[in-house]
Protein chains: 2
Amino acid sequence: MATAENKQVVLQRYIEEAPKETDMAMGMGKIELKAPKGSAALLVKNLYLSCDPYMRGRMRDFHGSYIPPFVLSRVFFSHLLDVPIEGFGVAKVLDSDDPDFKPGDFISGLTGWEEYSLIRSTWQLRKIQPDDSVPLSYHLGLLEIAWNSSRNHEEVKVDGWSEKEGKVGGWIEIMEKLGMPGFTAYVGFYEICSPKKGEYVFVSAASGAVGQLVGQLAKLHGCYVVGSAGSSQKVDLLKNKLGFDEAFNYKEETDLDAALKRYFPEGIDIYFDNVGGAILDAALLNMRIHGRIAVCGMVSLHSISDPKGIQNLYCVVPKRIRMQGFLQSDYLDKFPQFLEHVTENFKQGKIVYIEDMNEGLETAPAAFAGLFSGKNVGKQVICVARD
Amino acid sequence: MATAENKQVVLQRYIEEAPKETDMAMGMGKIELKAPKGSAALLVKNLYLSCDPYMRGRMRDFHGSYIPPFVLSRVFFSHLLDVPIEGFGVAKVLDSDDPDFKPGDFISGLTGWEEYSLIRSTWQLRKIQPDDSVPLSYHLGLLEIAWNSSRNHEEVKVDGWSEKEGKVGGWIEIMEKLGMPGFTAYVGFYEICSPKKGEYVFVSAASGAVGQLVGQLAKLHGCYVVGSAGSSQKVDLLKNKLGFDEAFNYKEETDLDAALKRYFPEGIDIYFDNVGGAILDAALLNMRIHGRIAVCGMVSLHSISDPKGIQNLYCVVPKRIRMQGFLQSDYLDKFPQFLEHVTENFKQGKIVYIEDMNEGLETAPAAFAGLFSGKNVGKQVICVARD
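If you're wondering where the values come from, they're calculated on a predicted model, not measured in any experiment.

Draft legend 1. Helix α8 (residues 335-347) of chain B, seen in detail. All names here are of chain B. For α8, with 13 residues, the first-to-last C-alpha span of 18 Å sits near the 18 Å given by 1.5 Å per residue. All of the buried residues in α8 are Phe 335, Phe 338, Val 342, Thr 343, Asn 345 and Phe 346. Each buried residue of α8 lies within a common arc of 165 degrees when the element is viewed along its axis, so the set occupies one face. Along α8, the residues that are exposed and aim more than 90 degrees away from the buried face are Pro 336 and Glu 340. Where α8 is buried, its residues touch α2 (181-192) and α3 (211-220). Immediately beyond the C-terminal end of α8, within one or two residues, lies Gly 349, with a positive phi of roughly 80 degrees.

Shown next, in the form of structure tokens:
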């Protein structure tokens, strides 16, 4: 039985502020490249890892959110293996003790930030059918597939994270929400925003994994679309590659309200909110009567350590604004439509998808930290290995 | 032609904080008890005046809201008549130059805080059909009737208060929203809250004009209903007269989150928000998955001079909360159902309605100021004259 060295990304300490590269470290473990008999587990080789802002929440020593924190590496120093950071990834199965998977299968789901992982919670994985016209890494973003809801999720619910306590589910919620930017964009735009042709649409974090698709869906729907992003490079991308009508760099605006008035002299019908905070506050002031706000952003985790209240919520009354949070997992019946709509448009070149791919597991800490200074352009992915 | 002395309530100064009795003053004018030929106006005798929290907004020297300020009395000191505060009232027509009205008719609509008023904007009035089973003053609250939408509202739109600028209409909006607590309660509960039998409903400012009806409608619908109010007398009223399952005095709670957890161990399905601020923030923490928040309160005006941001808005994402502002005027097609439902239940004694009636125009400044310290119990009304 082959034993391999296994590079890992581990968390060094819990944080309060934005993550820094040095909050993480590279570790080296050993792993048997085998799924033990009776474990019902898979031994996989990780190929692509997804960097997602929500992961910051798991780096905090805070148990009141609905996302449990990562385990600090030092807690397990007596074990042979360290415990890496977890996240979504695409991987290849090397060995399987689960009859639903066999060596050579490609899967996506929650895995470790390491070269090889032993995944026991196979219920949360899905098999990817390779398709030459769609890069494997796109399954971390554009085309991430809905969870197989026929599987029994109950068994892996994490104790103490119940809906009753307002902590809304456990792992399942996290994974169902966060692994699926493409379907999140689709559900948020069509089911929550009730879009009509010709309406004025504003998207924040518009070059991000969700935002870029929202903007393109809105354009295909006949809307006027403006996006905000955090660098001139991203603004270029939005205008010249993603087909937004306008885009602006919010970091260059001293008055966000004035900026929105400039881009939306008639006001905003639909705001797709990926960020909350000051941009949401400015958007509220610029919404039109009967405007809709789809709240997608994980404002939660950010606002706990950086609490800035929303000042302009009063606008919802005179403007009759509907503001709605959502998780794509409530709309799984729309999944086949999504897949057909987006895949079809993608293959016809009417939808493009921007990835920011870093090469090598060693680049992961810096790439993850970069999310919070807006370094990435498009969906941030780490390539651990190509196959 | 009879000329009468005309007691008035005038505004002395613009305010920033909560209104005080001394911000207003009693004035004495003279008025001809006649509607001049060609004026298309009515000369009315005011009987009942409505004290509404929104009027505070018109006492501020702030032109950025959608409610223009009152005219200060001193601006017009060279005129024969001072300009009184305006508000909703029930009045008797003494003379009419409008063919739709005749002496002896009872009307409700926007009038002056004075004994007699010459009302030129008769389009905004409605005729009351006297009904012995319903006190005249109830037309300022429970049974206020929808505006006749067949009348041409355009002509009286106030310049500069356009929807385009996000200032959402002018007088019409104000009047359509604010004069109709009964219909507002009905629309907010049935159209915005999507109630289901057995759900957990929380109502703030529950003994107020809107809140008391929302709670009773929710009970009739088979919900579990808890109200918050600002005195033990109001809490008694909610529990013993209005049929709420539970009620609490929010002023006695040091931790609103803990209070809501006590009354809603299972969480809140529906929050009917009449106040915003800290109670909304606590409610957000206690909402259940797929909860709904109907935002009815004029938080706007309060938050401008006392800006406290909402901290817990992030809850809308994991809990998939729908939060919606509304004005009853968008739902006029439901008005016949409302009238039948509420009148029928009222006559059968299944709905009660609590008024706080002060006698005499002189009591108006103190009664109005009292709204902001929660002095009133039920809908605050001033009786100027009985007929």
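Draft legend 2. Inspection of helix α6 (residues 277-286) of chain A at higher detail. Residue and element names in this part refer to chain A. By the criterion of burial, α6 is predominantly enclosed, with seven of the 10 residues buried. Looking at α6, one finds that the buried residues are Ile 279, Leu 280, Asp 281, Ala 282, Ala 283, Leu 284 and Asn 286. Against the buried residues of α6 lie β8 (200-203), β9 (224-229), α5 (256-263), β11 (268-273), β12 (287-295) and β13 (322-325).

Draft legend 3. Structural context of the packing of α2 of chain B against α8 of chain B. Residues and elements named next belong to chain B. Orientation of α2 relative to α8, taken along the N-to-C sense of each, is 105 degrees, at an axis distance of 10 Å. For the element pair α2 / α8, the angle class is roughly perpendicular. For the pair formed by α2 and α8, the contact residues are Gly 182, Phe 183, Tyr 186 and Tyr 190 on the first element and Phe 335, Gln 337, Phe 338, His 341 and Val 342 on the second.

Draft legend 4. View of the packing of aromatic side chains. Residues and elements named next belong to chain A. For the structure shown, the criterion picks out 34 aromatic pairs over all chains. Ring geometry for Phe 183 versus Phe 335: centroids 4.8 Å apart, planes at 80 degrees, classification edge-to-face. Placement of the pair is Phe 183 in helix α2 (residues 181-192) and Phe 335 in helix α8 (residues 335-347), with a sequence separation of 152 residues. Among the residues examined, Phe 335 registers a relative accessible area of 9% and is labelled buried. Aromatic ring contacts, followed pair by pair, group Phe 183, Tyr 186, Phe 189, Tyr 190, Phe 335 and Phe 338 into a single cluster.

What counts, and where the lines are drawn
- Residues numbered from 1 in each chain as written.
- Chains lettered and ligands numbered in written order.
- Predicted model: local features only at pLDDT ≥ 70, side-chain atom pairs only at ≥ 80, totals over all residues.
- Heavy atoms only, no water.
- Helix = DSSP H or I, 4+ residues; strand = E, 2+ residues; numbered from the N terminus.
- Expected span 1.5 Å × (residues − 1).
- Buried < 20%, exposed > 50% of the residue type's maximum accessible area, 1.4 Å probe, protein only.
- Arc of directions from axis to C-beta.
- Contact = heavy atoms within 4.5 Å.
- Axes fitted to C-alpha atoms, helices over the stretch in contact; angles between N-to-C directions.
- Parallel < 35°, antiparallel > 145°, perpendicular 65-115°, else oblique.
- Phe/Tyr/Trp six-rings, centres within 6.5 Å; stacked < 30°, edge-to-face > 60°.

By themselves these figures say nothing about function.
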